[in-house]
Each structure stands twice: as structure tokens, then as C-alpha cells.
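Fold and geometry: a report
What follows is each chain in one-letter form.
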Amino acid sequence: MKPGYFSLVLHAHLPYVRHEEKHRLEERWVYEAISETYIPILWQVDRLQKPLHWTVSISPPVVEMLADPLVQDRYVEHLDEMLELIEIELAEGRSEQEVETLHFYRGRYNDLKTTFLHWEKNLNHAFRTYREQGFIDMVTCTATHGFNPHLFTEQAARAEIRTGLNCFERHYGFRPTGIWLPECAYTPGVDRILYEEGVRYTFVDEHALLDADPTPDKGIGAPVYSPHGVALFPRDQIISGKIWSSMIGYPGHPDYREFYRDLAYDRDWAYIEKFMHPEGIRFDTGLKMHRITGDTDEKDYYVRAWAEHQIDNHALDFAQTLEGHLEAHGGQMFPPFLVTAPFDAELFGHWWFEGPEFLGKVAERLEEFGIETITPALFLERHFQDLETVHVSMNTWGRKGYGDVWINERNEWMLRHLHMMETQLVKDVADYRHKSPLVDRTLIQLIRHYVLAVSSDWAFILDGQTTAQYAAERFREHTRLFAELETALYQDKLSDELLAEHYRAYPFLDDVDIDIDTFLSPHDYYVTTERGQEDEAILVLTPEYTGNVVGDLGRRVIDEVEARAADGETVYVLTPFKEGLPEYERHNRVHVYRVRLTSPFLEHVMNQVAAQNVAYVKLAHELVSKVTFKAIHQFDWMTITAARSLAKALQVPLYSTMLSFETTRNPHGHGGLFDAIHRIESSILAEADTVFICEQLSTEEVGMRYPIGDNVKTCLPLDASPYGQKRLKKNTK
């Protein structure tokens, strides 16, 4: 056995293009994928009849369309039409080479139909059966292939992930521990959601690890753990490029079938019309009679025997290349060198017609060469203790390695609509959840419209300008349906008929797949599902807290908060958002909100502080609808503005802890920033009910630099509450 492992991952995905009306051209994408990719891959699995350790990712849109009776019946009709066309072609007296290829197609289409009917028209049954027999492993994808770096809220990211897992589990009978993130797009923080949803591994491009902090010792020769413990398997571009690269890849060999030239465009309209769109539109039949031939417009006819010969050659070459690659890294241990090769499944068969047979031949050659194949799940089972933990930045496997494909001048307009829908869903779920069964079904339908709109396919198609009109229309239709239904919710005009009409348009996902609680904000979830009667709370504003402790201030805040919680106080802490940490977490009586800015990063420190204070105020006013605050306690000058404003608006006492002042930090300071901070600090001395200053500062010393009154005191020991036992709220409604 050679040192190291090889892991093949195939991701099957199409946008949800099921339409009630007949003759939608986009539905043919499903037929092509079934005929050229899904069934041919299943043929190889069935032919080899052994554990291949291939991992097949199948997205919910594909799962749902494969299970849809309307799509199934139409696919059979499509096969029958193709068989009829082949018979007509054979009766036309074509050339010997054409006849030979037509005979190949006749056998192939008959086999497709036999296989499809064998699995009772539902290929999910086939994949599930082979997985249960141990021939392949399976994972899934997010609900509609939403591009997670562009999702605005945590709720939307979680909804895409959880809904995808739910849909897959309903069809396949188990919940996978791996997931394919659309476009291999990783964002810091998404790993926490994945982990919380039970996902233990996913896939990234190799530059994600090469640019990680720190760079892993094994490079791309092993997966790594993200900060939240999700294993990230990197794509090996050297090995993968042998297959997908247009420059060095196998699919461009002149003996393979030409993808672009189709029989439909070689025949007179009067002849081919019967098999084309009723509105007079030509489209590909799938009968492609030519081979690539080379870099020329003049294509020779396809010779099946030559293609089969090249499949053998290329499978052997791939095995030899992989053998050399593994031997070059044979010294790697703990874990042994791993080559991960993830691909879009549709590359094999649809784009590279002979691709599925190549995969089958490769499986045979690898066994002959003594190269061990392995699934990511099995690799983790063997080597979970050998992986490093690193920080990985946002990245994708798309153009330039980041988000260029999914946000540019052709598709950026979509984002504002998606972000608005997300925030509206958070609000709608909080306001209307469990009002009635009809309202809950409405919320489910709103989420269905949202996930259908957020599919990365629409932005991808607009970027490529292939079927751009369809993508734009689909996106606008889902946003329109969302707005229409939301208006009916607000105006109390809901009905069973209205909901049925919306679902009938796009019957994607079962209601049980969609959990409306996913769109509850973390605090709303706590309030609506976990919290009993809660006491009046203390609101703490601080620039430092757990996960972001710079010096003594952060330590003092943590000690103070924990001491008050131990006294029985309920404490809400608002502190700046930090990448990789949760936006909300609760530890018994302490609620921590890490608050995102409501604006992009601002260069000037005072602008940045102002934006952060605006974000504090905005969130605090949202919390007030659910929490009664009896006092505000702020730390450091950076939170004074928000604390002062909130104390006034809520009419509650304001406490301040100042461990240092600008003049004590910087005794010889001067200039605009110095003066600005000095003014802000002076304001808290005048307006706070009590200001606690550091034990190392004397009141006299502070008084030499600031106007102080009787409200200034030295910090109390932690076992003494600064709030006392009396009722603190100044006014009660």
C-alpha cells in the first residue's frame, strides 16, 4: 500500500428550476444532469460493487427535483422523445460513422430508461441504497446554495444550513456530519454555526490553508480544525487540475465528445421542429455526434472506441501522477498525506461526457497501484487527534479565490433585497411567531421564498451572462412573492388559498424542513423559549469583555459582572463585535451581546467610537421591548456617549467606572483628539449618578484636572455592590 490517501468528493447541484407549466427550457438542465451525470455515476458504482470511498454531496434542490413526480414523469417523456428521434435518424440513411454513434446512443438511452424505472423514477433511492450498502458516503449542502459570506444575519446562515440538513435527512434517513458549503465559501464564524448544527467537516480551496494563521505545518497535505472545531479539507489543485483544467486537463482531448455541437443545429428546422420548443426555439437534444477534434471549427465524428481508449489512458496517467504525488510526500506522518479532490459532479458526464467512466476506471487503477481511497468521515475517525487548529479568512474556490463572482457590477443590486428580506424575517418571526397555525405556515412560506431568492446560482448566472434574463426574473419573482405575502400578514388577509397558491408556484421543501425558530434572534429565542419571569436588569457598556481583554479594564469588567451575577443580579453586557466570537451568548444571569457596527469601518478613531455608540443605543432600544433595565453601568470613555443617552431616555441611574483618564494616561497630551476625549470624560463626571475611579487615582488628583463633585468615589471592593439594594429606577410607567 502506498503512503497517504486519496479522497474524491462530488458535489451535485442545480438551481431549483421546477415549473408547473410545460416546456420551460431550464427544466432541461435537470434532464441533462440525470442522463449525463447522475445515472452514469450510479452505473459506475453499481458496476464496481465495492466500497469506493467516494463522497457524494447532493444539494436540496437536486434532492427535491429528483423526488418530484412531475419532474420524474417529464423525464421519462424526454427519454421517449430522444429514442424516437434516434430511430428517425437511423431511418434517414446517415453516414456509417453517424449510424455507429446513433446505435451507441440508442443503447445508452434505453439503459437510462431501464435504470430510471428500476429505481421507480426516484434516483434518491439509488444513492441512498448504495450509501447504505457502504459503496459511497453522502453529505449535503445548504438549502438553496446561498453564498454564506454575503448573508447579512446569523439567522439566515443558520436557516440555510439547518434547512438543508433537515431536507436531506427526510429523504435519506440520516443527518450527515459533513456539508458542502456553496462555492467552498468559508467565513470566520460560520464554523460555529456548523458545529452547533452537528456538522463536523466541510471543504475549502487550498489557498484557505496556505494563507491561514498560522500556516499549518502539513500545508494542504491534511485538513485543519477551524477555531470552533470544524475540520476543513483543502482542495489539492495540482491533482484536481489534471481533471478540470482547460489547459492541462484530460477532458479537452480530441478523442472525447464535443460538448457544444449538437445535432439540433445540424438539421433543417422542418425536420427537427417536432423535437424543439413549441415557440420555435432550438435547444440541445443531447445527441452530440462529433468529437472535440482539436482547436478548429471543423469537427470530426465521434468514435466511441477511441474515446474508450483514452479513458483507459487517462485513468492510468492519473493513477501514476497520484502515485508520484503521494510518494513525494511519503514522509508525512500524523496524519499521513491526504489528497482531497472535490469537484462539481456535473463536470463528469455533462461537461466531460466520458467523465463518469473515467472515475470508474480510476477506482480500478488506484486499487491496482495500492493507493488507498478514504472518505473525510473515515479520515477524521482515524486521525482526529492529529490535526492543527488555525484561523482561516474568508475564501472561496471561485474566480480570484474570493467573492468576485458573486458580487460585481452585474449582480450587486441583489444584495440589498436579500439583506432586507433577512432582517424582515427576523422581525416577522419575533412579532408573529405562534400567533396561530395559519400565521406559522405563513412564516414558513416567507422563509421558503427567501431561501429560493438567496441561491448563489442567480448571482453566478448574472456574472456569466448566460441565461441572465431567467436568473434576474427568478430573483425578482421570489422577492415579489415575499413582499406580497408579508403584506397579507401585516394586513391580516391570510388564507389557506393564498398560502396554497404561493406553495404551488414553487413546491420546494416540506414544511417540516423549515424551522421558523431559526430566524429568532438569539435573545428573542431566549425570551420566547427559555426565560421565565426575569428581574429588572443592569445594562453594562464596555469596550472590553471576554475574548477581547486588552488590559486591566477588561479584567475589572469581567470580575464586576461576575460578582454582580453572583449577587443575583441579571446583567446585560454590550461590547464591540469581535470576529470568531458569538454575537450573543448567555452564562446563567449574564447576557453578552457583541455589537456589530452599523457602518463600514471608519478610519478616524472618534468616528469609529461614535458609530459603535450608535450601535449600542440601537440595540439597547430593541432590548427594552423585552427587558426592564434598572440601571446603566458604563466603563471607559468610549462608551460614555451611549450610556449617557440611554440613561436619560430610560430614566434610570447611570454608573460609571473609570480606571484611568486621558490626562493620567497622557499627562503631556494636547491637540484635537486629546481635547475631545477630555471633554467626553468631563461630561460623565457631571452627569453620572456615581463615578467610580481606580484605587490608584486619588480624588484630589482627578480634581486637579476635572471638575468633580460628591458623586466621585473610589472603586468598591468586588464583594460590595455599587447598586445597593434599593429600587434604582427613577420613574416607573
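Our structure's up above, just so we're on the same page.
Residues numbered from 1 in each chain as written. Predicted model: local features only at pLDDT ≥ 70, side-chain atom pairs only at ≥ 80, totals over all residues. Heavy atoms only, no water.

**Some thoughts on the packing of aromatic side chains**
- One pass over the structure, following the stated rule, counts 39 aromatic pairs.
- Aromatic pair Phe 168 and Phe 174: ring centres 5.3 Å apart, planes at 85°, arrangement edge-to-face.
- Looking at Phe 168, the relative accessible area reads 0%, which means it is buried.
- Between Tyr 450 and Phe 519, the aromatic rings sit 6.0 Å apart at their centres with planes inclined by 85°, giving edge-to-face as the arrangement. Placement of the pair is Tyr 450 in helix α15 (residues 437–453) and Phe 519 in the loop between α18 (496–505) and α19 (522–530), with a sequence separation of 69 residues.
- Each residue in the set Phe 6, Tyr 250, Tyr 256, Phe 318, Phe 343, Phe 348, Trp 352 and Phe 358 is aromatic and connected to the rest through ring pairs, giving one cluster.
- Over the aromatic face of Phe 353 sits the side chain of Arg 257, whose NZ or CZ is 3.8 Å from the ring centroid.
- The ring of Phe 577 is capped by Arg 596, whose NZ or CZ atom sits 3.9 Å from the centre of that ring. (Phe/Tyr/Trp six-rings, centres within 6.5 Å; stacked < 30°, edge-to-face > 60°. Buried < 20%, exposed > 50% of the residue type's maximum accessible area, 1.4 Å probe, protein only. Helix = DSSP H or I, 4+ residues; strand = E, 2+ residues; numbered from the N terminus. Lys NZ or Arg CZ within 6 Å of the ring centre and 35° of its normal.)

**Some words on the pairing of strand β3 (residues 136–141)**
- By the criterion of burial, β3 is predominantly enclosed, with 6 of the 6 residues buried.
- Both strand β2 (residues 54–58) and β3 contribute to a ladder of 4 bridges, which runs parallel. Pairing of Trp 54 across the sheet is with Ile 136, part of β3.
- Here β3 pairs with strand β4 (residues 179–180) via 2 bridges, running parallel. Within β4, the residue paired with Thr 140 across the bridge is Ile 179.
- With helix α6 (residues 154–172) bridging β3 and the parallel β4, this β-α-β connection has right-handed handedness. (Pairing = 2+ DSSP bridges. Right-handed = clockwise from strand over helix to strand, strands pointing away.)

**Notes on the sheet that holds strand β16 (residues 690–693)**
- Strand order in this open sheet of 8 strands is β12-β13-β11-β10-β14-β15-β16-β17, and the pairing throughout is mixed. Each edge of the open sheet carries a strand with a single partner, namely β12 (584–587) and β17 (712–714). With direction set aside, neighbouring strand axes in the sheet form an average angle of 20°.
- Here 6 bridges tie strand β11 (residues 570–576) to strand β13 (residues 590–595), and the two strands are oriented parallel to one another. (Axes fitted to C-alpha atoms, helices over the stretch in contact; angles between N-to-C directions.)

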